[in-house]
Amino acid sequence: MKILTSAIEPSANLHLKEILKKCKVKNEKCKIEGVFDKSLGEPVIDSNEFNVMGFFDVLPKIKLAKHTIEELTKMSEKVDKVLLIDAPSFNLRLAKSIKKKYP
């Protein structure tokens with residue numbers, strides 16, 4: 001099963017790690033794609049790229065977020081499931097984009 005994953009925050013990666021453990025216990029082959037920590041596999045974009053410190057550090061990340069939403073929306077066509085964890089300001093926009101493109 002291919003799962004498009006958006007786990008931008010460190011706590012989201014902890015939840016994702018537990019989900020992957022459950023997949024292994026049930027002997028399901030879960031392949032994750034998308035945004036998550038490199039320790040969990042090969043992400044399209046490492047979640048650490050979204051870390052910010054201060055107001056001016058946020059501005060360049062807006063462009064990264066828009067690009068990432070476009071990329072993940074395209075990827076959502078070729079996966080079985082979409083898993084969006086935490087980060088509602090990012091994930092709600094991503095969910096709307098996916099729903100609009102693939103109703």
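This one's a predicted model, so the numbers in the text were calculated from it and none came from an experiment. (Residues numbered from 1 in each chain as written. Predicted model: local features only at pLDDT ≥ 70, side-chain atom pairs only at ≥ 80, totals over all residues. Heavy atoms only, no water.)

### Comments concerning the packing of aromatic side chains
Then comes step 1: Tallied over the entire structure, the rule returns two aromatic pairs.
Then comes step 2: Summarising the aromatic geometry, the rings of Phe55 and Phe56 are spaced 5.4 Å apart at their centres and angled 75° between planes, so their arrangement reads as edge-to-face.
Then comes step 3: Assessed through its relative accessible area of 67%, Phe56 is described here as exposed. (Phe/Tyr/Trp six-rings, centres within 6.5 Å; stacked < 30°, edge-to-face > 60°. Buried < 20%, exposed > 50% of the residue type's maximum accessible area, 1.4 Å probe, protein only.)

### Considering the layout of surface pockets
Then comes step 1: Each pocket or cavity is described by its volume, and for the largest pocket that value is around 380 Å³.
Then comes step 2: Forming the boundary of the largest pocket are 15 residues, of which Phe50, Lys61, Ala65, Ser89 and Phe90 lie nearest the centre.
Then comes step 3: Elements with a contribution of two residues or more to the lining of the largest pocket: helix H2 (58-75) and helix H3 (88-101).
Then comes step 4: In terms of residues, the lining of the largest pocket owes the most to one element, H2, which gives six residues.
Then comes step 5: Space inside the second largest pocket adds up to approximately 180 Å³.
Then comes step 6: Lining of the second largest pocket is provided by Lys17, Leu20, Lys21, Cys23, Lys24, Glu28, Lys29, Cys30, Lys31, Ile32, Ser39 and Leu40.
Then comes step 7: Only helix H1 (10-25) and strand E2 (31-36) provide two or more residues apiece to the lining of the second largest pocket.
Then comes step 8: It is H1 that provides the largest number of residues to the lining of the second largest pocket, a total of five residues.
Then comes step 9: Residue classes in the lining of the second largest pocket are distributed as five nonpolar, one polar and six charged. (1 Å grid on protein atoms, 1.4 Å probe; cavity = no way out; pocket = protein on both sides within 12 Å on 5 of 7 lines; lining within 4 Å. Points joined across faces, edges and corners; volume = space filled by probe spheres on them. Helix = DSSP H or I, 4+ residues; strand = E, 2+ residues; numbered from the N terminus. Nonpolar A, V, L, I, M, F, W, Y, C, P; charged D, E, K, R; others polar.)

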